[in-house]
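Fold and geometry: a report
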Amino acid sequence: MKIAGAGTAGTAESGDVLVVVEPSEQGIRIEMTGPSVSGFGTEIEDAVRGTLAALGVDAASVRLSEKGALDCTIRARLIAACGRAAAEENETAPGIPWEVLP
Amino acid sequence: MLYVPGNNPAMLRDAHIYGPDSVMFDLEDAVSPKEKDAARALVFEAVKTIDYQGVERVVRVNSLDGPHGLEDIAAVVTAGVDVIRLPKTDSARDVRDADDAVSAAERRCGRAPGSVGLLAAVESAHGILYVREIAASSERLVGIAIGAEDFVTDMHTTRSADGVELLVARSMLVMAARSAGIMAFDTIFSNVNDEEGFIREVKLAKQLGFDGKSVIHPSQIALVHAVYTPQADEIKRARRVISAAREAERRGSGVVSLDGRMIDRPIVERAQRVLAFARASGADIDGEE
């Protein structure tokens, strides 16, 4: 999956996360903010990298702002944001490889 | 069956804690067109990851006539869903098309064939007129349900307190379910503040033969359970009927009597169903058969 444009998914509501995915020319870059980052930052980053790898994304700038979101919510919002970012170039969003997602 | 919007992470996370028998994550009417992809991903991750403590997980997908239905099925089958609810089912063909899509998804993700059930919601006059064929259309079909809001709109009427506009449709749906040997589910009751009206409707549904009801608020769950859970006197009588039937069998007699009355086979079957419901509700059945 190629990140060709910007894709956003999620909200600022409690229990959710706002994810913005944009193109990057320097591989994977991740910025994280939110109350869980200090305690679970490593786990969140692992979840992000694992999902990006499963989607076949090798270059992307990911910014996420979480409000106590579960890992599954973070992964879900990232999947949606990547799909939307990849759709910028295509007429329709590429299919998500559900079977290989972690 | 507790309805949960598929685009709300907090509700997806907590749905099971209110004690429903099943949760239905909605990707259809509860989600705006622009958020269908995001809701699909949320439900995929929730079904795959969250431990719902044995509560059955149902997902209402979008219609296969539109751009989202097939992808919804691919995602939730892969995630491990128990049952897929089909909206606006008008024909047996609708069910078979969904069955084919689910079979393909099971093969792709390596799930056992037939491991995903289907629940068809009938929401139109046409659908009700063909509900018998719908109910018998697929081995995957675990039940059929009536969607009253769309149905009454299609009928050019509105919902009333006594539900007379739904009487024929409800009865036809239950008969079709019984004929096909599957379950029948009643529609939602949208006024969460009208507890008395809700209980009346649940009692009507039970009397018509519905096996359960969809609810839209956790406060409605206990009320449904209270109506459907057999009372102590019902359980006692059911146990006596079963005992009398066993005694007759032991004596080699084809005639079952209790308190001077003959007990026909249907009464024995009803007694068995009462005890089954009692067991399912966790009621204490002392020294049951």
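Scroll up for the structure.
Presented here is an overview of the structure given in this document. Computed from a predicted model, the values in this text were never measured in an experiment.

**What to know about the overall build of chain A**
Helix and strand counts for chain A come out as two helices and four strands. Ordered by position in the sequence, the α and β elements of chain A form the string β-β-β-α-β-α. When the backbone C-alpha atoms are referred to their principal axes, chain A occupies close to 35 × 25 × 25 Å. A total of 102 residues make up chain A; the buried ones form 44% of that total. Sequence separation of at least 24 residues holds for 73% of the intrachain contacts in chain A that already meet a minimum separation of 6. Summed over all atoms, the accessible surface of chain A reaches about 4800 Å², with 48% contributed by carbon and sulfur.

**Quick word on helix 11 (residues 232-251) of chain B**
Residue and element names in this part refer to chain B. Over its 20 residues, helix 11 runs 29 Å from end to end, which matches the ideal 28 Å to within 8%, given 1.5 Å per residue. Taken residue by residue, helix 11 has I235, A238, V241, I242, A244, A245 and A248 as its buried positions. Next to the buried residues of helix 11 lie strand 9 (257-258) and helix 12 (265-280). Of the residues flanking the end of helix 11, it is G252, one or two places downstream, whose phi is positive at about 75 degrees.

**Some details on the packing of aromatic side chains**
Residue and element names in this part refer to chain B. Counted by the stated rule, this structure contains four aromatic pairs over all chains. A centroid spacing of 5.4 Å and a plane angle of 50 degrees characterise the contact between F25 and Y52, whose relative ring orientation is tilted. Taken together, the positions of F25 in strand 2 (residues 22-26) and Y52 in the loop between helix 2 (36-49) and strand 3 (56-60) put the pair 27 residues apart, joining distant regions of the chain. The residues F25 and Y52 share a single accessibility class, namely buried.

**Observations regarding the sheet that holds strand 5 (residues 117-122) of chain B**
The strand order across the open sheet formed by eight strands is 1-2-3-4-5-6-7-8 (chain B), and the pairing between neighbours is parallel. The strands lining the two open edges of the sheet, one partner per strand, are strand 1 (2-5) and strand 8 (212-213) of chain B.

**Some details on the nonpolar core**
Counting residues in hydrophobic clusters, the biggest one holds 95 residues, and the most contacted among them are V21 and W98 of chain A together with F25, V59, I84, I144 and L173 of chain B. In terms of residues, this core owes the most to one element, helix 2 (residues 71-86) of chain A, which gives nine residues. Not counting the four nearest positions on each side in its chain, V21 of chain A is found in contact with I3, G5, A6, G7, A60, S61, V62, L78, A81, C82 and A85 of chain A. Grouped together as the second largest cluster of nonpolar side chains are 16 residues, A271, L275, A278 and I285 of chain B included.

**Description of the interface of chain B and chain A**
With 22 residues of chain B in contact, the opposing surface of chain A contributes 18 residues. For the chain B and chain A pair, buried surface summed over both sides reaches about 1600 Å², with 59% attributable to carbon and sulfur atoms. Close ionic contact of D37 of chain B with R84 of chain A constitutes a salt bridge, the shortest N to O distance being 2.7 Å. One can count seven residue pairs in polar contact (both at pLDDT 80 or more) joining chain B with chain A. Looking at the side of chain B that touches chain A, the elements with two or more residues in it are helix 1 (9-14), helix 2, helix 3 (69-79) and helix 4 (92-109) of chain B. Element by element, the count of residues in the side of chain B that touches chain A is highest for helix 2 of chain B, at nine residues.

**Regarding helix 9 (residues 195-208) of chain B**
All names here are of chain B. When the terminal C-alpha atoms of helix 9 are compared, their 20 Å separation across 14 residues agrees well with the 20 Å that a helix rising 1.5 Å per residue should span. Within helix 9, burial applies to G197, F198, E201, V202 and A205. The buried residues of helix 9 all sit within an arc of 135 degrees when viewed along its axis, so they share a single face. Relative to its buried face, helix 9 has exposed residues pointing more than 90 degrees away, namely E196, K203 and Q207. Remark: G209 follows helix 9 within two positions and exhibits a positive phi of approximately 110 degrees.

**Considerations on the side chain of T51 of chain A**
On the secondary structure map, T51 of chain A appears in helix 1 (residues 37-55). Ignoring anything within four residues of it in the chain, the contact list for T51 of chain A reads R75, L78, I79, L101 and P102 of chain A.

**Section: the packing of helix 8 (residues 167-180) of chain B against helix 9 of chain B**
In a pair of packed helices, the angle between the axes and the distance between the axes together describe the arrangement. All names here are of chain B. Between helix 8 and helix 9, the shortest axis-to-axis distance is 10 Å and the interhelical angle comes to 45 degrees. Between helix 8 and helix 9, the interaxial angle falls into the category oblique. Relative to helix 9, helix 8 is oriented so that their crossing is right-handed. Across the interface between the two elements, L167, R170, S171 and V174 of helix 8 pack against E201, L204 and L208 of helix 9.

**Thoughts on the pairing of strand 2 (residues 17-22) of chain A**
Residue and element names in this part refer to chain A. Note: strand 1 (residues 7-9) against strand 2, three bridges, orientation antiparallel. The partner of T8 across the bridge, within strand 2, is V20. Two elements, strand 2 and strand 4 (residues 60-66), share six bridges in a ladder whose sense is antiparallel. When the bridges of strand 4 are listed, V20 appears paired with R63.

**Describing the side chain of R84 of chain A**
Within the secondary structure layout, R84 of chain A lies in helix 2. At 3.4 Å, the side chain of R84 of chain A and the side chain of E35 of chain B are in polar contact. Not counting the four nearest positions on each side in its chain, R84 of chain A is found in contact with A6, G7, T8 and A9 of chain A together with K34, E35, D37 and A38 of chain B.

**A few points about the sheet that holds strand 2 of chain A**
Residues and elements named next belong to chain A. Judged by pairing direction, the sheet is mixed, and its four strands sit side by side in the order 1-2-4-3 without closing on themselves. Looking at which strands have only one partner, the edges of the open sheet turn out to be strand 1 and strand 3 (28-33). Averaged over neighbouring strand pairs, the angle between their axes works out to 10 degrees when direction is ignored.

What counts and how
Residues numbered from 1 in each chain as written. Chains lettered and ligands numbered in written order. Predicted model: local features only at pLDDT ≥ 70, side-chain atom pairs only at ≥ 80, totals over all residues. Heavy atoms only, no water. Helix = DSSP H or I, 4+ residues; strand = E, 2+ residues; numbered from the N terminus. Buried < 20%, exposed > 50% of the residue type's maximum accessible area, 1.4 Å probe, protein only. Contact = heavy atoms within 4.5 Å. Areas by Shrake-Rupley, 256 points an atom, 1.4 Å probe, with all protein chains shown as cover. Expected span 1.5 Å × (residues − 1). Phe/Tyr/Trp six-rings, centres within 6.5 Å; stacked < 30°, edge-to-face > 60°. Pairing = 2+ DSSP bridges. Core = buried A, V, L, I, M, F, W, Y, C linked by side-chain atoms within 4.5 Å. Buried area = accessible area lost by both parts, 1.4 Å probe. Salt bridge = Lys/Arg side-chain N within 4 Å of Asp/Glu carboxyl O. Polar contact = N/O pair within 3.5 Å; in protein donor to acceptor, adjacent residues only side chain to side chain. Arc of directions from axis to C-beta. Axes fitted to C-alpha atoms, helices over the stretch in contact; angles between N-to-C directions. Parallel < 35°, antiparallel > 145°, perpendicular 65-115°, else oblique. Left-handed = near helix turned anticlockwise from the far one by under 90°.

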